[in-house]
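Structural features, examined
Here are the chains, one letter per residue:
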2 protein chains.
Amino acid sequence: MKSTMMEGALSLNHLLDRAGRIFAGNEIVSRLPDKSLRRHTYGEFHRRTRALGSALQKLGLRKGDRVATLCWNHHAHLECYFGIPAAGGVMHTLNLRLSPDEIGWIAGDASDRFLVIDDVLLPLYKQLAHLHAFEKVIVFPFSGSAVPAEFADYEALLAAADPAGFTYAPHDENDPVAMCYTSGTTGRPKGVAYSHRSTVLHTLVASLGDFWGLRGTDVVMPVTPMFHANSWGMPYGAVMMGVKLVFPGPHLHPDDLLDLMQLEPPTLSLGVPTIWMSLIQAFDAAQQPGSPNAGRWKLPRGMRSLVGGAAVPESLIRAFDRHGIWIEQGWGMTETSPVCTISYPRAELQGESDDEKYRRAAMAGVPVPLVDLRVWGDEGELPWDGKSVGEIQVRGPFITGSYHEVPLDPGKFTEDGWLRTGDVASVDNLGFVRITDRTKDLIKSGGEWISSVDLENALMAHPAVAEAAVIAIPDEKWSERPLACVVWKKGAAAQPADLNAHLLKHSFAKWQLPERYEFIDAVPRTSTGKFWKLKLRERYPR
Amino acid sequence: MKSTMMEGALSLNHLLDRAGRIFAGNEIVSRLPDKSLRRHTYGEFHRRTRALGSALQKLGLRKGDRVATLCWNHHAHLECYFGIPAAGGVMHTLNLRLSPDEIGWIAGDASDRFLVIDDVLLPLYKQLAHLHAFEKVIVFPFSGSAVPAEFADYEALLAAADPAGFTYAPHDENDPVAMCYTSGTTGRPKGVAYSHRSTVLHTLVASLGDFWGLRGTDVVMPVTPMFHANSWGMPYGAVMMGVKLVFPGPHLHPDDLLDLMQLEPPTLSLGVPTIWMSLIQAFDAAQQPGSPNAGRWKLPRGMRSLVGGAAVPESLIRAFDRHGIWIEQGWGMTETSPVCTISYPRAELQGESDDEKYRRAAMAGVPVPLVDLRVWGDEGELPWDGKSVGEIQVRGPFITGSYHEVPLDPGKFTEDGWLRTGDVASVDNLGFVRITDRTKDLIKSGGEWISSVDLENALMAHPAVAEAAVIAIPDEKWSERPLACVVWKKGAAAQPADLNAHLLKHSFAKWQLPERYEFIDAVPRTSTGKFWKLKLRERYPR
């Protein structure tokens, strides 16, 4: 027998139209280059997004054409999220923090046909224009300046378009809507193309109560760039639930974020650990007697902060919790849309000690629905016993099964169709994933593994340490040994012996202690804020 | 270009396996016929459900075969929800409140091959066994009595099965998992068949923060029968989020529900308005001096109560709110999985008056994501202006597009593929749907429409009125006029003139007042607890 249910494609256009009808009065706030705030309503968003779709079709956009964006987080970028697919195109978010060479190479690999770019980023465009010929460059007058005559003016295109007469490009639910390139800390960046189906499913799953817990009364501040795995998919969730959005624009300095939090207090924010580390440091410094920022900021008590993109040290979670802000850690990759696991308070652990609560919160969390997750060892699947460590492999409708125009690589996908994440972890009996390392960051000392992440977290809990990154250096006897690169807090310092004593107290064995310490000014970071250990390895080959 | 996302079917089996792994220690509590509580864990649920799948295959179940259930709300019924589809079968929930003739007819129409039945319902089975020949009758020993030898014993089948060796039947995401028949207040009941896809999508959407807002720390008490639109789909949501379930079994008397709430206080419950009306009456009576139930019950403050299946009078919402219990109204049908709209507090209405808050809460609510909804008048689609009234039509991936083995009826589906709900409503600028009537329940008086639902709600707000149902009677001059059937509260009464004065105060026009009152002992109800106006129309043809 057959199901009697209707057929029909999952579609971003449905979410767009729903928001335009039901949430027409709700606000989308963007911080402009001059730091003033621009307010739009979902009604305007709906009209402008359809106008963008109409304008793109008038410019000759064909089904499946890539339209790149090179933009900060703001309302017009959100319009691209929905307007480009509405016209049948594929939005390709370019990462403005990469070098011009890399951006140009990526635009070429994706065969981007059009480009939407913030006027304030035109200097960057000029550095890469010779590397890839965009057929049409549409400039969003973010700063309010006149758009140079050689480019199309985003606002002029919208003003000339006919949003009411626009009809959505017909599509299948498996048609692509957006593209994002992996950050490529190793090897070449590779393209991942999300579909209507994968995006709608990811949005539904991630928005659920125990994960993002999105409600219409939320005020969401996405600090995570919209070119970084689609700001983790949050823009789609926000539109689905009609939440007020507060976009920080180009102003990501901790002082600026704290200022914005005073103007538009968020209930939910998202960003990488670096952002929150700097933010709490700036806030704490302002509490010191005589600080020029004394009394300038309050932290938004009760806010939830979604943190991902790199492991979150327990000390950071504790620091925010003291201010009534709960950090919810997630783990995922560009390849996974990105939400794979989220750490949330479980019913089974009610009544647990604070230490236990923080310990769980510092884990990657529990696989969300529709994500199959397994731990793979040398001899197959490993049990979820909190001890067995192997590579995390995932599968599901919002996980990539290939890369854009790259032959299937057995180093990336298993024969039975799972994505090899390259992250090494154990999973416990409650489904909590504990990432111990990237495969390539594990330290193999005398046949035993040492987790660089564990060492880093323990070091960062020392009162004098601001940041710590641990890499492997070759060793004749043990094959590899840990080298710890440590950044002191301002005005603080300690002796290696103190750090070792601290680590021994944190239940490290003597053989697991760093072989050597290097004291550095800052840990090099990738464009997405992750520790760039490749650079450290180059600096300290032995 | 193509999306790079993995293919793969949405599947209930994924939710089942996830719950078995991640939530293995969480509880499922069932009230047995002797009123004792039986506790299962999700781990046992997972093992037993797979055992059921294995046992059904051993009995010869083939792909697509219907397995009927005739059961109260309890853990074994939940096992059928997942175990029957796991084996490739289609669970068909039979409504034990229908007459044996109707049940027999429905089982025949669905060609049910096997039956799972509670031992306490065997007397009902004996009344219908001659109407449809089930190939195998599996008796669940709910009361603990020995299963008669002519039937298969559910527990014995499970004990003999091999859950570890069981493999799920291969399936497409559009394959059916469950069947439910419309309540058929008019005409013959018709079968709706849900698929893996429709069920997973409905579960994701309904569980979102502003709707069910399911979290793992919730304790959910489904009073809505599991044979009534799958208990609105809540069992699927509960398994997805790992929430503790408290099943009332056969004990639905208000005293029993209140007792159960003392033993296992829920944070979320669901049922039709009738249940909550009786419950609040029983609770209020217990507060009277000298009541035999004095001090027996506390209401679970902070609980949310999902109410649907019939319009919720504002007076009921106010009555529960006084006790710190918030009633969240939803609207839908068997045909719509069933959640189509839910009324929830909107950000736009923060700071509104209590009166306005209650007025909104008494509406059907806002269309949920993935549901397209339109108001259709004689000349096409009507605006969402809070005034224009027409038939509600819906479309989406968890809406039925046909009925099981029934030719497509233009009275039920539009030419462009929307379901005609038969409900008449307006929608306002915030998307709030206000059902004014069933198409057939509207009263057309002198060319103007009178809403029987509005009259009923206003009458039920009168202090002496327990229940009121309004029907149309033919009238020579006005074509139709309203007749109000009123049930007094115990010991209370009033004059028709008082009721009319009350209605005039509630902003009814004089011509909208009931033409006549009938004072009756109880409003006849359908098996699903709705006012059965057909019976009243038979009783009062003029």
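Residues numbered from 1 in each chain as written. Chains lettered and ligands numbered in written order. Predicted model: local features only at pLDDT ≥ 70, side-chain atom pairs only at ≥ 80, totals over all residues. Heavy atoms only, no water.

The name given to chain A in an unreviewed UniProt entry is Long-chain fatty acid--CoA ligase, with the source organism recorded as Caenimonas sedimenti.

This brings us to the overall build of chain A. In terms of regular secondary structure, chain A is built from 15 helices and 26 strands. The C-alpha atoms of chain A give a radius of gyration of 24 Å, which matches the 24 Å a tight globule of 542 residues would have. Over its C-alpha atoms, taken along the principal directions, chain A stretches across nearly 70 × 70 × 50 Å. Taking all 542 residues of chain A together, the buried fraction comes to 63%. By sequence separation, contacts in chain A at least 24 residues apart represent 66% of the contacts at least 6 residues apart. (Helix = DSSP H or I, 4+ residues; strand = E, 2+ residues; numbered from the N terminus. Rg over C-alpha atoms; globule rule 2.2 N^0.38 Å. Buried < 20%, exposed > 50% of the residue type's maximum accessible area, 1.4 Å probe, protein only. Contact = heavy atoms within 4.5 Å.)

Strand pairing within a sheet occurs via backbone hydrogen bonds; the two strands may be parallel or antiparallel. Residues and elements named next belong to chain B. Here we have seven strands laid out as an open sheet, ordered β7-β6-β5-β3-β4-β8-β9, and mixed in their pairing. Across the chains shown, the open sheet's two edge strands, defined by having one partner strand only, are β7 (152-153) and β9 (191-195). Across four bridges, the pairing between strand β3 (residues 66-70) and strand β5 (residues 114-118) is parallel. Within β5, the position partnered with V67 by the bridge is F114. (Pairing = 2+ DSSP bridges.)

Where the parts come together, the accessible area they lose is often given as the size of the interface. In this complex, chain A contributes 78 residues to the contact, which on the side of chain B involves 78 residues. Counting each side, the surface lost to burial between chain A and chain B is near 5700 Å², with a carbon and sulfur contribution of 60%. Three residues, M1(A), M5(A) and M6(A), lead the burial of chain A against chain B; their summed loss comes to 16% of the area buried on that side. In this structure, the connection of chain A to chain B is made through six salt bridges. The shortest N-O distance in the salt bridge between R21(A) and E381(B) comes to 3.7 Å. Counting across the chain A and chain B interface gives 30 residue pairs in polar contact (both at pLDDT 80 or more). Residue assignment for the side of chain A that touches chain B shows that the elements contributing at least two residues are α1 (12-22), β8 (176-181), β9 (191-195), α7 (196-207), α8 (234-241), β16 (366-367), β17 (372-377) and β19 (390-395) of chain A. The element that contributes the greatest number of residues to the side of chain A that touches chain B is α7(A), accounting for seven residues. Across the side of chain A that touches chain B, the residue classes tally to 41 nonpolar, 24 polar and 13 charged. (Buried area = accessible area lost by both parts, 1.4 Å probe. Salt bridge = Lys/Arg side-chain N within 4 Å of Asp/Glu carboxyl O. Polar contact = N/O pair within 3.5 Å; in protein donor to acceptor, adjacent residues only side chain to side chain. Nonpolar A, V, L, I, M, F, W, Y, C, P; charged D, E, K, R; others polar.)

Residue and element names in this part refer to chain A. In terms of burial, strand β6 (residues 136-140) is largely enclosed, as four of its five residues are buried. Sheet analysis places strand β5 (residues 114-118) next to β6, joined by five bridges and oriented parallel. The residue bridging F114 from the neighbouring strand is K136, located in β6. In terms of handedness, the path from β5 via helix α5 (residues 122-128) over to β6 forms a crossover that is right-handed. Pairing of β6 with strand β7 (residues 152-153), which is carried by two bridges, proceeds in the parallel orientation. Bridging across to β7, I138 finds its partner in A152. (Right-handed = clockwise from strand over helix to strand, strands pointing away.)

This part covers the packing of aromatic side chains. As enumerated under the stated definition, the model contains 32 aromatic pairs over all chains in all. Note on F23(B) and Y42(B): the rings are 6.4 Å apart at their centroids and 65° apart in plane angle, and the pair reads as edge-to-face. Of this pair, F23(B) sits in the loop between α1 (12-22) and β1 (27-31) while Y42(B) sits in helix α2 (residues 42-58), placing them 19 residues apart in sequence. With a relative accessible area of 1%, F23(B) lands in the buried category. Grouped by ring-pair contacts, the aromatic residues F23(A), Y42(A), F45(A), Y81(A), F82(A) and Y236(A) constitute a single cluster. Cation over ring: R374(A) sits above W376(A), and NZ or CZ is 4.0 Å from the ring centre. Of note, R50(B) hangs over the ring of Y168(B), and the distance from its end group to the ring centre comes to 5.1 Å. (Phe/Tyr/Trp six-rings, centres within 6.5 Å; stacked < 30°, edge-to-face > 60°. Lys NZ or Arg CZ within 6 Å of the ring centre and 35° of its normal.)

What follows is about the packing of helix α3 (residues 75-86) of chain A against α8(A). Residues and elements named next belong to chain A. At a closest axis distance of 11 Å, the pairing of α3 and α8 adopts a crossing angle of 85°. If you check the angle between α3 and α8, you find them roughly perpendicular. Along its contact with α3, which presents L78, Y81 and F82, the element α8 presents P235, Y236 and V239. Looking at the contact of α3 with α8, its residues break down into six nonpolar, no polar and no charged. (Axes fitted to C-alpha atoms, helices over the stretch in contact; angles between N-to-C directions. Parallel < 35°, antiparallel > 145°, perpendicular 65-115°, else oblique.)

Residues and elements named next belong to chain B. Looking at the secondary structure, you find T224 in the loop between β10 (219-222) and α8 (234-241). Among the residues examined, T224 registers a relative accessible area of 2% and is labelled buried. Separated by 84 residues in the primary sequence, T224 and G308 have C-alpha atoms spaced 9.2 Å apart. Those residues within four positions of T224 in sequence are excluded, and the remaining contacts are N73, S231, W232, L270 and G271. One polar contact links the side chain of T224 to the main-chain amide nitrogen of G271, over a distance of 3.3 Å.

Here we come to unusual backbone geometry. All names here are of chain A. The residue after S337, namely P338, is reached through a cis peptide bond having omega 5°. The residue S231 is not glycine, and still its phi comes out positive at about 50°. You can see S231 is positioned in the loop between β10 (219-222) and α8. For S231, a relative accessible area of 0% translates into the label buried.

Our next topic: the domain arrangement of chain A. Residue and element names in this part refer to chain A. According to the domain assignment, chain A contains domain 1 (12-19 + 38-186), domain 2 (253-438) and domain 3 (443-539). The straight-line distance from the C-alpha centre of domain 1 to that of domain 2 is 29 Å. With eight residues of domain 1 at the interface, the matching set in domain 2 holds five residues. Buried surface at the junction of domain 1 and domain 2, both sides included, amounts to about 480 Å², of which 52% is carbon and sulfur. Across the pair R39 and E264 runs a salt bridge, and its minimum N-O distance is 2.5 Å. (Domains from an automatic or database assignment.)

So, on to the pairing of strand β4 (residues 90-93) of chain A. Residues and elements named next belong to chain A. Of the two faces of β4, the one carrying V90 and H92 and the one carrying M91 and T93 are both buried. As judged from the four bridges shared by strand β3 (residues 66-70) and β4, these two strands associate in the parallel manner. Along β4, the bridge assignment pairs V67 with M91. The handedness of the β3 to β4 crossover, carried by α3, is right-handed. Bridging between β4 and β8 involves two bridges; their strand directions are parallel. Its bridge partner being in β8, M91 is matched across the sheet by A178.

This part is about the pattern of salt bridges. Summed over the entire model, instances satisfying the criterion amount to 66 salt bridges over all chains. A salt bridge links E27(A) to K244(A); the shortest N-O distance between them is 3.3 Å. Note that E27(A) is positioned in strand β1 (residues 27-31) and K244(A) in strand β11 (residues 244-247), a separation of 217 residues in sequence. A residue is classified by how much of its surface remains accessible, and E27(A), at 25% relative accessible area, is partly exposed. We note a salt bridge from R360(B) to D428(B), for which the minimum N-O separation is 2.5 Å. Here the residue R360(B) occupies a position in helix α12 (residues 354-361), and D428(B) occupies one in the loop between β20 (419-427) and β21 (433-438), the gap between them amounting to 68 residues. The exposure class of R360(B) is buried, given its relative accessible area of 9%.

So, about α12(B). Residues and elements named next belong to chain B. Taken residue by residue, α12 has Y358, R360 and A361 as its buried positions. The buried residues of α12 occupy one face: seen down the axis, they fall within an arc of 160°. Its buried side turned inward, α12 meets α11 (314-321) and β14 (326-332). (Arc of directions from axis to C-beta.)

What follows deals with the confidence of the model for chain A. Looking at chain A, pLDDT values average 93 and 98% of them are 70 or higher. Reported confidence for the predicted complex is 0.89 by ipTM and 0.89 by pTM. (pLDDT = per-residue confidence, 0-100.)

All names here are of chain B. As for its position among the elements, D259 is in helix α9 (residues 254-263). At a separation of 2.7 Å, a polar atom in the side chain of D259 contacts the side chain of W297. Residues in contact with D259, not counting those within four places in the same chain, are R31, R296 and W297.

With an axial shift of 0.0 Å and an RMSD of 0.1 Å, the rotation relating chain A to chain B amounts to 180°. Put plainly, the chains are arranged around a two-fold axis. Counting the interface residues of chain A, we find that 100% of their copies in chain B are interface residues as well, pointing to one common contact surface. (Least-squares fit on C-alpha atoms with pLDDT ≥ 70 in both.)

Ordered by their spatial adjacency, nine strands build an open sheet running β2-β1-β11-β10-β12-β13-β14-β15-β16 (chain B), and the pairing between neighbours is mixed. Edge positions in the open sheet fall to β2 (37-41) and β16 (366-367) of chain B, since each of these has one partner strand only.

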